[in-house]
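Understanding the architecture of this molecule
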Amino acid sequence: LGVAWSARSCLARPPARTRRAGMVKTWVVKNQRTKATYLRREPTQDCGTPNVLRIVKNGEVLSGDFMLIRRASRETGFVKVHHLELTGGSDMRVRNADGSATTLLRKQPREAYDSSNTVGYVTEGEIVSGEFMFVTHREVRKGGYVKLRHLRPKADSFDLSAALSVFDGAEPAQRWT
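Here is a short report on the structure shown in this document. The model shown is predicted, which means the values in this text are computed figures rather than measured ones.

Moving on, we come to the side chain of Thr118. On the secondary structure map, Thr118 appears in strand β9 (residues 118-123). Within the structure, the side chain of Thr118 is placed 2.9 Å from the backbone oxygen of Asp114, a separation counted as a polar contact. Once residues lying within four places of it in the same chain are set aside, the contact partners of Thr118 are Leu104, Leu105, Lys107 and Tyr113.

Encoded structure:
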């Protein structure tokens, strides 16, 4: 139950008013089984020393917008996470947050829209699979891969209305002690 909840909440789209262009999503590491997880060089199950950049402890903050996905045609590439919606397990449905009929599938996890970084386009509603997010850590220069199930979205400190929605309409109260 904990893993299903975490994956669903990681891919839940924030309301349009809270999305801002150019902002990178922040994540908090939360591994249910152990106190840490691996930041990997390559998105594989290999957790040997050559593939591990570092061990990130629960509670550490990472940042990243791109999910490595695989289409049914076996084409792989990176899609921004806010364009994905969890359907179950490692399967996701493409739901373009901008309302476009297609979503760019990138070769590298970077913002470039040029042809050198384009694999192709994924259509709206297409089912894809993915397990790894490309993230950066403050101490790792190039970034690496972490399994999505070990990440939770970090609450936005700048959006008071989103923070208050957790309390089902309760008004903020200030206590002086």
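Another point: the nonpolar core. By size, the foremost hydrophobic cluster in this structure holds 21 residues, and its most contacted members are Ile69, Leu84, Met133, Val135 and Leu151. Going through the elements one at a time, β1 (26-29), β4 (61-70), β7 (91-94), β10 (127-137) and β11 (140-147) are the ones with two or more residues in this core. With six residues, the next largest nonpolar core counts Phe66, Phe78, Phe132 and Tyr145 among its residues.

Before going further, it helps to examine the environment of Phe78. Position of Phe78 among the secondary structure elements: in strand β5 (residues 76-80). Taking the relative accessible area as the measure of exposure, Phe78 reaches 4% and is therefore buried. The contacts of Phe78, once residues within four sequence positions are left out, are Phe66, Met67, Leu68, Leu104, Leu105, Arg106, Lys107, Gln108, Pro109, Phe134 and Tyr145.

Counted under the stated rule, the structure contains three aromatic pairs. Between Phe78 and Phe134, the aromatic rings sit 6.4 Å apart at their centres with planes inclined by 80 degrees, giving edge-to-face as the arrangement. Taken as a pair, Phe78 in strand β5 and Phe134 in strand β10 lie far apart in primary sequence, 56 residues in all. Judged by its relative accessible area of 14%, Phe134 falls in the buried class. If you follow Lys25 out to its NZ or CZ, it ends over the ring of Trp27, 5.2 Å from the centre. Lying over the aromatic face of Tyr113, Arg106 brings its terminal NZ or CZ to 5.0 Å of the ring centre.

Moving on: the pattern of salt bridges. Throughout the structure, instances matching the rule amount to 10 salt bridges. With a shortest N-O distance of 2.6 Å, Glu75 and Arg71 are connected by a salt bridge. Between Glu85 and Arg93 there is a salt bridge, with the nearest N and O atoms lying 3.8 Å from each other. Glu85 gets classed as partly exposed once you look at its relative accessible area, which sits at 31%. Residue classification places Arg93 among the partly exposed positions, given a relative accessible area of 26%. Overlapping salt bridges bring together Arg54, Glu60, Arg138 and Glu139 as one network.

Calculation notes
Residues numbered from 1 in each chain as written. Predicted model: local features only at pLDDT ≥ 70, side-chain atom pairs only at ≥ 80, totals over all residues. Heavy atoms only, no water. Helix = DSSP H or I, 4+ residues; strand = E, 2+ residues; numbered from the N terminus. Polar contact = N/O pair within 3.5 Å; in protein donor to acceptor, adjacent residues only side chain to side chain. Contact = heavy atoms within 4.5 Å. Core = buried A, V, L, I, M, F, W, Y, C linked by side-chain atoms within 4.5 Å. Buried < 20%, exposed > 50% of the residue type's maximum accessible area, 1.4 Å probe, protein only. Phe/Tyr/Trp six-rings, centres within 6.5 Å; stacked < 30°, edge-to-face > 60°. Lys NZ or Arg CZ within 6 Å of the ring centre and 35° of its normal. Salt bridge = Lys/Arg side-chain N within 4 Å of Asp/Glu carboxyl O.

Everything listed here is a matter of coordinates, which is why it stays silent on function.
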